[in-house]
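# Chain and residue survey
The residues making up each chain are set out below.
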Amino acid sequence: MSDVKIAPDGLEVARTLDAKGLSCPMPLLRTKKEIEKINSGEILEILGTDPGSRNDIPGWCARAGHEYLGEKEADGYICFYVRKK
Amino acid sequence: MSSFAGKIKEVYSDFFKKTWSPMTGGILLALLAIFMFAWQRPWGIVGGIRNWADWLFYSIGLFDLDEPPAHPLYYSSSVMDLGLLAGAWISAVIAREFAFRVPPMLEIYKGAIAGILMGFGATLAYGCNVGGFYSAIQNLSANGFTMMIGLIIGVVIGLKYIYWEMEHFMPGPAGPTFLSKLPPILGFIAFAGLIYAAYAYAGSDVDDAELMPGYLLIGAGIGFVFHRSRLCMVNGFREPFMTGEAAMGKAVAISVILGTFGIAIMKFMELRAEELYVVPAFWWGSLVGGIIFGAAMVVAGGCGSGSLWRVAEGQVKLWVVIITFALSNSLFRYWFEENDWMEKLGKPVFLPDYIGYGGSIFLVIVAMLIWYIIIDWNEESNKLVLEI
């Protein structure tokens with residue numbers, strides 16, 4: 001049973017992926033592709049509406065070695081933050 | 001006192017807000033599949049949604065049937081699906097995860113086409129991933145294994161398509177998200193409504209009225225467990241090839257084994273008919289149907305069960321999937337039956353007739369453990385993962 005991790009304030013985002021409206025597995029696949037476009041240590045922000053991403057993105061980060069920084073609720077969607085390894 | 005109140009809050013959060021692990025979901029699903037079988041019949045999905053479409057086509061005069069299709073409110077498959085929708089909706093609302101989410105148009109088109117293919121695949125395989133694979137194996141019917149092989153092949157094809165699509169298409173802007181702030185109390189009110197409906201069924205004088213409460217409530221339990229654990233058979237088959245993640249696939253494998261024990265016991269003891277869910281789909285109908293269904297469910301983002309609980313969560317793409325899935329399955333099934341093709345999809349093979357109950361259960365365990373070990377090994381080695 002996983003707790004929701006809240007992202008710290010003031011993160012400097014290098015790139016934003018808009019995955020709103022997409023459902024499983026597209027948010028994660030687009031994230032996998034998008035993270036190739038930033039440098040190591042930079043942060044990718046993912047905007048999504050699929051609650052499944054709450055499991056998929058942290059799970060994938062743990063496997064791929066990226067640092068999952070947490071999520072933030074916005075109005076009608078969720079922002080996820082990942083620091084590239 | 002404050003720590004006791006804190007404890008209540010913590011337990012509430014564990015049950016209703018946090019996502020359960022896939023394995024918790026898989027074990028509970030097996031238990032509920034056994035309950036359903038003990039109640040009356042195997043758990044299935046596609047029969048119910050096909051019934052809704054049959055009913056529509058019959059009403060507009062397209063289907064020439066001797067008698068009207070069973071009423072959706074008094075038909076076991078349909079009531080199980082309605083229960084699943086209710087249970088998943090209750091879970092979603094209580095966890096504040098319900099919202100209508102309108103996807104980009106590309107996703108709508110994909111959902112529509114994938115649903116049509118799922119309807120065709122489920123016709124060939126005599127069921128979706130539940131009736132054709134999950135419940136079929138638990139009922140010791142050989143077509144469950146051939147559909148599993150088909151699903152694995154299909155998932156790889158579907159994934160290759162999605163990779164290709166990502167290189168060539170951008171999804172465009174998403175539609176709105178709305179009704180995201182439903183108060184959780186609505187979930188508890190709906191639960192009370194379910195109990196009321198169960199009693200209303202039991203007290204009514206329709207045929208099999210006494211059976212309907214079980215279909216409804218066990219179905220709702222299945223929907224609740226699915227949503228709480230986000231148990232997804234697409235994920236279980238797809239992830240080993242996409243990210244290497246094996247948690248969901250392992251949960252499905254264990255769930256199949258556990259359910260098999262319960263159902264095999266009831267068949268062996270002659271508490272239930274042995275021929276239940278043993279359909280003439282071995283081998284080619286279930287294999288080819290599995291490939292088509294497997295590829296389509298990846299593009300849809302949900303299988304029979306997974307699409308249904310995501311409908312209850314408000315994902316509009318899956319609404320499209322379920323609608324075209326139902327329409328297409330109803331039409332293909334009608335067409336096949338008109339031509340007597342449903343008997344030509346293969347042979348009915350009840351495994352214990354060939355290798356005994358012990359041999360059959362052993363085969364289920366071995367097959368599932370092989371799959372379990374392969375995906376577990378792949379989780380570390382990533383040998384099966386297809387790169388984008």
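Residues numbered from 1 in each chain as written. Chains lettered and ligands numbered in written order. Predicted model: local features only at pLDDT ≥ 70, side-chain atom pairs only at ≥ 80, totals over all residues. Heavy atoms only, no water.

## Section: the pairing of strand β3 (residues 67–73) of chain A
All names here are of chain A.
- Where β3 and strand β4 (residues 78–83) come together, six bridges link them in antiparallel fashion. Paired with lysine 72 across the strands is cysteine 79, a residue of β4.
- Here β3 folds back onto β4, and the loop between the two strands holds four residues, one of which, glycine 76, carries a positive phi near 90 degrees. (Pairing = 2+ DSSP bridges. Helix = DSSP H or I, 4+ residues; strand = E, 2+ residues; numbered from the N terminus.)

## Side note on the packing of helix α12 (residues 284–300) of chain B against helix α14 (residues 316–338) of chain B
Residue and element names in this part refer to chain B.
- For the pair α12 and α14, interaxial distance at closest approach is 10 Å and the crossing angle is 150 degrees. Classified by the angle between their axes, α12 and α14 sit roughly antiparallel to one another. Every residue of α14 that contacts α12 at Phe293, Val299 and Ala300 is listed here: Lys317, Leu318, Val321 and Phe325.
- The residue inventory of the contact of α12 with α14, partitioned by class, reads six nonpolar, no polar and one charged. (Axes fitted to C-alpha atoms, helices over the stretch in contact; angles between N-to-C directions. Parallel < 35°, antiparallel > 145°, perpendicular 65-115°, else oblique. Contact = heavy atoms within 4.5 Å. Nonpolar A, V, L, I, M, F, W, Y, C, P; charged D, E, K, R; others polar.)

## Side note on the environment of Gly154(B)
- Considering the arrangement of structural elements, one finds Gly154(B) in helix α7 (residues 143–168).
- Put simply, Gly154(B) and Gly289(B) are 135 residues apart on the chain and 9.3 Å apart in space, counted from C-alpha to C-alpha.

## Considerations on the side chain of Thr324(B)
Residue and element names in this part refer to chain B.
- The residue threonine 324 is located in helix α14 in this model.
- Judged by its relative accessible area of 16%, threonine 324 falls in the buried class.
- Polar side-chain contacts of threonine 324 include one of 3.3 Å to the backbone oxygen of valine 321.
- Residues contacting threonine 324, with those up to four places away along its chain left out, are Gly111, Ala112, Gly115 and Ile116. (Buried < 20%, exposed > 50% of the residue type's maximum accessible area, 1.4 Å probe, protein only. Polar contact = N/O pair within 3.5 Å; in protein donor to acceptor, adjacent residues only side chain to side chain.)

## What to know about the state of the cysteines
- Applying the stated criterion across every chain, the model contains zero disulfides over all chains.
- Cys24(A) takes part in no disulfide bond, and the closest cysteine sulfur to it belongs to Cys232(B), at a distance of 5.7 Å.
- With a relative accessible area of 6%, Cys24(A) lands in the buried category.
- Considering cysteine sulfurs only, Cys79(A) is the nearest to Cys61(A), which forms no disulfide, with 15 Å between them.
- By relative accessible area, which is 1% here, Cys61(A) ends up buried. (Disulfide = S-S within 2.5 Å.)

## Quick look at unusual backbone geometry
- Residue Cys24(A) is joined to Pro25(A) through a cis peptide bond whose omega torsion reads 5 degrees.
- For Pro25(A), the location among the structural elements is in the loop between β1 (13–19) and α1 (26–34).
- Of the consecutive residues Phe282(B) and Trp283(B), the connecting peptide bond is found in the cis state with omega at 10 degrees.
- Note that Trp283(B) resides in the loop between α11 (247–268) and α12.
- One non-glycine residue with positive phi stands out, namely Arg96(B), at about 60 degrees.
- Inspection of the secondary structure puts Arg96(B) in the loop between α4 (76–94) and β1 (100–101).
- Despite not being glycine, Asp340(B) has its phi angle at roughly 55 degrees, a positive value.
- For Asp340(B), the location among the structural elements is in the loop between α14 and α15 (352–381).

Geometric values such as these leave the question of function open.
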